[in-house]
Amino acid sequence: PIAAASLAQVYRAIVRETGQEVAVKVQRPGSLSTVSKDLYVLRRLADVTQPLIRRFTNDETDYIALTETFAEGLYTELDFRNEALNALKMQKLMKERAAPEVADRLVIPSPLLELTTRRVMLSEWVNGVRLSTLPQAEIRDLIAIGQEVFLTQLLELGFFHGDPHPGNLLKITEGPDTGKLCLLDFGLVAQVPEFDRDIIVASVVHLGTQNWDGLIDDFVSLGFLAKDTDRGSLIPILQRVMGPYLRGGGAQSFKGANFQALTQDLLKVNLEVRFSIPPYVSLLARSVATLEGVALQGDPGYQLVSQAYPFVVRKLLKNENRQSFSALRELLYDPVTRRLRPQRLSTMLQASLGVIADSGKQAGFIDFDTAPEDGAPLSDVVSFLLSTKAANLRPLLNAELCYGLDLGLRRAGRRLRTSVREFFQPRIPFFGIRLPAPPLLPLIVPLESSGGSASSGVKLMQVEAVLDAIFPPLTPTDDVDLDTLSEAARGAFFGEDHAGDAPESSPFSVQTLLSILPALGLQMGGAGAAGGAAAEVAKALRESLTVPNVRSALVDEVLLAVAQELLRTWRARLAVAAAAAP
């Protein structure tokens, strides 16, 4: 045999009729009998130990169900016809739903179903070497593909490889697929329901933002915790166990931490809180730890959760359910000020394009704020914002853009109002004394019905009153928000290093505003670095607008949506002012 494992051996052969070179996997004699005896012992052991575990610890895991699930998977694995069908199913799903750049670099050898039986399986032969034997640079390159493959299986397909050990991950060394990643052995697979997949994504956000209540809700939904769990006692425990892995939680000392270390610390919660582990989760944790073990050989500082952030971001942006949208809002908005976090938006946009900070630069196991030193090209950021991939993000950015435009127009409108008033005030020659301004003709203002669907009448209002209604003075809070949104626009495109480039005195520029409409669009115009930034955005926008779908997204989903929301805001202010007017 050219390979051997506990249940089978693999031989190299040629099919007589076709001449095709194949791998022949042959089950060891007596495997079924041996496995059955072992499983019987495990099942009896679970019967004895489960009551004792529940009596003396807070562990609520159903070890009997866990053993039975394991037994079911093992018996299924012993029938090689199931493995062949799993491989074909994974081939099909990955081709249909994986990102093209991932699917193009993945090879799953095709089984020969007509020659496969319960104890013998034939599949196409692949020449390759184990990932674990490669130089570190090659391991890093291919493990990045392996990571995307696994995350696609887990979070997109809900059908994942349960045993990605070093022997099942190869680099192809000969033939047309040279250099690609080969994934072998689909005897052990597991499925994750769609609801659970969404909860897993939300839990990553809740953990990274240290939303402990939200994380407990996720654990309850996944079956880890009972609904009547005492949150008051659990939250301090989670903060103590998991806080050090997070940004701002003493994470600097945990820079070398990995998923296996986090899992071990989570198991300590079992000693203090009633905790249960669903059957498929144990297989999932084993798969993640195994894959991370291979990655650590290529990069000792590798951290799976932080490296998975780009995939999580793309998943959040693609989903259209309420849960994903809520997690996206939590990720981007400050819970105290309820305003957009500029740096986090910048980091998220870069992550959506596959660019994240080096693990050595991150301030924790999960860090949503550290931006990469070399970000994606600006044209790629603009194109992404106007693509279908950002459809879930645009409503949030449109709301910020509308709010920022209103603040900017209010500031400009107040200045214009002052200038017009001074223009119409006559000045006494030689003395420079201004006379009172002559009264302006009143304006006819259409008013909406209470439902806002149709006009229900008109009212005469003085010009000053109309301007005051549409452009009320900015409060100190409004001034701070306007500066923050300006920073967010610069940070979204250029990162934290350029967030403060624009001078505070730079005037409101409509041309500049239009140049950055796809994001937040505020006060990037002006001299020096800020003017150069606006020009760079305008250039990137022009390049992106050569694509018809991008032009349509800009007009229909950004410009029109923002204009309609601004008009609704102004009409509402006018209605309030008209109702209060004598």
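Read on for an overview of the structure.

Reading guide: rules and limits
- Residues numbered from 1 in each chain as written.
- Predicted model: local features only at pLDDT ≥ 70, side-chain atom pairs only at ≥ 80, totals over all residues.
- Heavy atoms only, no water.
- Helix = DSSP H or I, 4+ residues; strand = E, 2+ residues; numbered from the N terminus.
- Buried < 20%, exposed > 50% of the residue type's maximum accessible area, 1.4 Å probe, protein only.
- Contact = heavy atoms within 4.5 Å.
- Areas by Shrake-Rupley, 256 points an atom, 1.4 Å probe, with all protein chains shown as cover.
- Core = buried A, V, L, I, M, F, W, Y, C linked by side-chain atoms within 4.5 Å.
- Pairing = 2+ DSSP bridges.
- Salt bridge = Lys/Arg side-chain N within 4 Å of Asp/Glu carboxyl O.
- Axes fitted to C-alpha atoms, helices over the stretch in contact; angles between N-to-C directions.
- Parallel < 35°, antiparallel > 145°, perpendicular 65-115°, else oblique.
- Nonpolar A, V, L, I, M, F, W, Y, C, P; charged D, E, K, R; others polar.
- Phe/Tyr/Trp six-rings, centres within 6.5 Å; stacked < 30°, edge-to-face > 60°.
- Lys NZ or Arg CZ within 6 Å of the ring centre and 35° of its normal.
- Left-handed = near helix turned anticlockwise from the far one by under 90°.

A few points about the overall build of the protein
Step number 1: Across its full length, the protein carries 21 helices and 12 strands.
Step number 2: A buried classification covers 47% of the 582 residues belonging to the protein.
Step number 3: Counting only contacts in the protein whose residues sit at least 6 apart along the sequence, the fraction spanning at least 24 positions is 68%.
Step number 4: About 28500 Å² of surface is accessible on the protein, with carbon and sulfur atoms providing 58% of the total.

Observations concerning the nonpolar core
Step number 1: Residues Leu332, Met348 and Leu393 are the most contacted members of the largest nonpolar core, which totals 88 residues.
Step number 2: Here this core takes 10 residues from helix 5 (residues 136–157), the largest share from any one element.
Step number 3: Apart from residues no more than four positions distant in its own chain, methionine 348 is found in contact with Tyr309, Val313, Leu317, Leu328, Leu331, Leu332 and Leu393.
Step number 4: Counting residues in each nonpolar core, the second largest holds 19 residues, with Val382, Leu386, Leu405 and Ala578 among its members.

Considerations on the sheet that holds strand 8 (residues 169–172)
Step number 1: Strand order in the open sheet formed by 4 strands is 4-9-8-6, and the pairing between neighbours is mixed. What marks the edges here is a single partner per strand, and that holds for strand 4 (106–107) and strand 6 (128–130).
Step number 2: Pairing analysis gives 3 bridges linking strand 6 to strand 8, with the strands arranged antiparallel. In the strand pairing of strand 8, glycine 128 is matched with isoleucine 172.

Describing the pattern of salt bridges
Charged atoms that come close allow side chains of opposite charge to pair.
Step number 1: Enumeration over the complete set of coordinates arrives at 21 salt bridges.
Step number 2: Of the charged contacts in the structure, one is a salt bridge between aspartate 79 and arginine 81, with a shortest N-O distance of 3.0 Å.
Step number 3: Judged by relative accessible area, which is 15%, aspartate 79 ranks as buried.
Step number 4: Taking the shortest distance from any N to any O, the salt bridge between lysine 92 and glutamate 96 comes out at 2.9 Å. In this pair, lysine 92 and glutamate 96 both sit in helix 3 (residues 80–97), 4 residues apart, roughly one turn of the helix.

Things to note about the packing of helix 3 against helix 5
Step number 1: Their axes nearest at 11 Å, the elements helix 3 and helix 5 cross at an angle of 90°. If you check the angle between helix 3 and helix 5, you find them roughly perpendicular. Two secondary-structure elements touch here, helix 3 through Met90, Leu93, Met94 and Arg97 and helix 5 through Val149, Thr152, Gln153, Glu156 and Leu157.
Step number 2: Across the contact of helix 3 with helix 5, the residue classes tally to 5 nonpolar, 2 polar and 2 charged.

Remarks on the sheet that holds strand 1 (residues 3–4)
Step number 1: Here we have 4 strands laid out as an open sheet, ordered 1-2-3-5, and antiparallel in their pairing. Two strands bound the open sheet, and with one partner strand each, they are strand 1 and strand 5 (120–124).
Step number 2: Where strand 2 (residues 8–14) and strand 3 (residues 21–27) come together, 7 bridges link them in antiparallel fashion. Its bridge partner being in strand 3, alanine 8 is matched across the sheet by glutamine 27.

As for the packing of aromatic side chains
Step number 1: Under the defined criterion, the tally for this structure stands at 3 aromatic pairs.
Step number 2: Aromatic side chains phenylalanine 219 and phenylalanine 224 sit 5.4 Å apart centroid to centroid with 50° between the ring planes, which places their arrangement in the tilted category.
Step number 3: Judged by its relative accessible area of 8%, phenylalanine 219 is buried.
Step number 4: Seen from the ring of phenylalanine 159, lysine 89 lies directly overhead, with NZ or CZ sitting 4.2 Å from the centre.
Step number 5: Across the ring face of tyrosine 333, the terminal group of arginine 329 is positioned such that the distance to the ring centre comes to 4.6 Å.

A closer look at the pairing of strand 2
Step number 1: Pairing geometry for strand 1 and strand 2, over 2 bridges, is antiparallel. When the sheet's bridge partners are listed, alanine 4 is paired in strand 2 with glutamine 9.
Step number 2: Where strand 1 folds back on strand 2, the antiparallel hairpin that results is connected by 3 residues.
Step number 3: Count of turn residues in the strand 2/strand 3 antiparallel hairpin: 6 residues, of which glycine 19 carries a positive phi of about 80°.

Digging into the environment of alanine 308
Step number 1: Mapped onto the elements, alanine 308 comes out in the loop between helix 11 (304–307) and helix 12 (309–318).
Step number 2: Residue class for alanine 308 comes out buried when judged on its relative accessible area of 7%.
Step number 3: Linking alanine 308 and isoleucine 356, residues 48 residues apart in sequence, is a C-alpha distance of 9.8 Å.
Step number 4: Setting aside residues up to four positions removed in sequence, alanine 308 forms contacts with Gln147 and Leu151.

Some points on the environment of isoleucine 64
Step number 1: The residue isoleucine 64 is located in helix 2 (residues 63–78) in this model.
Step number 2: Here the alpha-carbon distance between isoleucine 64 and leucine 45, two residues 19 residues apart in the chain, equals 9.0 Å.
Step number 3: Sequence-distant contacts of isoleucine 64, that is, excluding residues within four places in its chain, are made with Arg43, Ala46, Asp47 and Gln50.

Structural notes on the packing of helix 5 against helix 10 (residues 279–298)
Step number 1: At a minimum axis distance of 8 Å, the contact between helix 5 and helix 10 shows a crossing angle of 160°. It follows from the interaxial angle that helix 5 and helix 10 lie roughly antiparallel. Helix-helix and strand crossings are classified by hand; for helix 5 and helix 10 the assignment is left-handed. In this structure, helix 5 uses Gln136, Ile139, Arg140, Ile143, Gly146, Gln147, Phe150 and Leu154 to contact helix 10, whose residues at the interface are Leu284, Ser287, Val288, Leu291, Val294, Ala295, Gln297 and Gly298.
Step number 2: Partitioning the contact of helix 5 with helix 10 into residue classes produces 9 nonpolar, 6 polar and 1 charged.

Digging into unusual backbone geometry
Step number 1: For aspartate 185, which is not glycine, the phi torsion reads 65° and is therefore positive.
Step number 2: You can see aspartate 185 is positioned in the loop between strand 9 (181–183) and strand 10 (189–191).
Step number 3: Although it is not a glycine, glutamine 210 sits at a positive phi angle of roughly 60°.
Step number 4: Its location among the elements puts glutamine 210 in the loop between helix 6 (194–208) and helix 7 (212–222).
Step number 5: Residue classification places glutamine 210 among the partly exposed positions, given a relative accessible area of 32%.

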